Amino acid sequence: LHHDKDIAELIYSEYPTLIEKWEILQTNGNEDKGARVADFARMIILHYYGGVYLDGDMIPCHDLNELVEVPGVATFPLVNAPVGQISNSIISGPARHPVFWIALDQMRGNDDINGGSILGKTGAIMLAMSVDAYWKLTNTKPIVVVRDKGWLPAPQEGSKWLQSGLIRFGASMRKNYEHSRGMGTLGEIGMIHLHWRTWVSRGTGVSSKYSQCDKDLSLIKPFLDYSCEHVKQRDHAKWSDCGDGKPHSGMLGMLQ
């Protein structure tokens, strides 16, 4: 586990040019302070150590080998190209990958990192801008210029990935999302997203909806077992459905 104290020590010892921005993030008095700090911290950790980052509401049904099977590559399974965003809820890559530093540099250069939309300052829009900058800085042919808000190209037959240079995107595996969001890749790699949405204002996110599983922890395992059984058809679930007596709730609508 990496606490704020650990991140601060790493920044002060290894990333002196990021100290000022880290300290500014600590002064944020808004409800999304934790989310912005976490966005910044995950890029520090990935750049320094490498590895796999998952949000706390990402549930792996089996191992994570597919996220690290290609040496030297940074992998972004969730790319929402039509809206110009790359989710930072699940990322993998080696230490010192340039795209992680580009993201840190984007945030370092933001004069109002505590204000405005979190997506643009530290989240999915910022990450898309960073990957687009990577294409240019490394003279790599883009899979797609994400901020142009176009469509992902079709993957090779049977593939769940799109790759150019040292960047890999998730490719949609579903007919109803074909070549658009890449969201089907989660299910193919055995991952469930509970969508807590803790980065939104209080009262508007899924995290504000409690479930029976909050009261009875024994209900969690059957809920997750069912979710993993159907993960290739439905790669996200609602925590509020956990323990409601309907094991298919919120899921069967996508099983066709």
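As shown above, the structure is provided for reference.
A short tour of the structure in this document, coming up. (Residues numbered from 1 in each chain as written. Predicted model: local features only at pLDDT ≥ 70, side-chain atom pairs only at ≥ 80, totals over all residues. Heavy atoms only, no water.)

## Examining the overall build of the chain
Then, number 1: When you go through the chain residue by residue, the secondary structure sums to eight helices and nine strands.
Then, number 2: Here the chain, with 256 residues, has 48% of them falling under the buried criterion.
Then, number 3: In the chain, of all internal contacts separated by at least 6 residues, the share reaching a separation of at least 24 is 66%.
Then, number 4: When the accessible area of the chain is evaluated, it comes to approximately 12,600 Å², of which 52% is carbon and sulfur surface. (Helix = DSSP H or I, 4+ residues; strand = E, 2+ residues; numbered from the N terminus. Buried < 20%, exposed > 50% of the residue type's maximum accessible area, 1.4 Å probe, protein only. Contact = heavy atoms within 4.5 Å. Areas by Shrake-Rupley, 256 points an atom, 1.4 Å probe, with all protein chains shown as cover.)

## Examining the pattern of salt bridges
Then, number 1: Scanning the model with the defined rule gives nine salt bridges in all.
Then, number 2: A salt bridge links R108 to D105; its shortest N-O distance comes to 2.4 Å. Placement of both R108 and D105 in helix α4 (residues 98–108) is noted, with a separation of three residues, approximately one turn of the helix.
Then, number 3: Of the residues examined, R108 reaches a relative accessible area of 28% and is grouped as partly exposed.
Then, number 4: Between K121 and D112 there is a salt bridge; the shortest N-O distance is 3.9 Å. (Salt bridge = Lys/Arg side-chain N within 4 Å of Asp/Glu carboxyl O.)

## Details of the environment of I11
Then, number 1: Inspection of the secondary structure assignment puts I11 in helix α1 (residues 4–14).
Then, number 2: Taking relative accessible area as the criterion, I11 reaches 0% and is therefore assigned buried.
Then, number 3: When the C-alpha atoms of I11 and W22 are compared, they prove to be 8.1 Å apart, with 11 residues separating the residues in sequence.
Then, number 4: When neighbours within four sequence positions are excluded, I11 is seen to be in contact with P16, L18, I19, W22, F40 and I44.

## Concerning empty space enclosed by the protein
Then, number 1: One pass over the full model with this rule turns up one cavity of 30 Å³ or more.
Then, number 2: Taken as a whole, the largest cavity encloses approximately 50 Å³ of empty space.
Then, number 3: Lining the largest cavity we find H62, D63, L64, N65, E66, L67, I189 and M191.
Then, number 4: Among the residues making up the lining of the largest cavity, the classes are represented as four nonpolar, two polar and two charged. (1 Å grid on protein atoms, 1.4 Å probe; cavity = no way out; pocket = protein on both sides within 12 Å on 5 of 7 lines; lining within 4 Å. Points joined across faces, edges and corners; volume = space filled by probe spheres on them. Nonpolar A, V, L, I, M, F, W, Y, C, P; charged D, E, K, R; others polar.)

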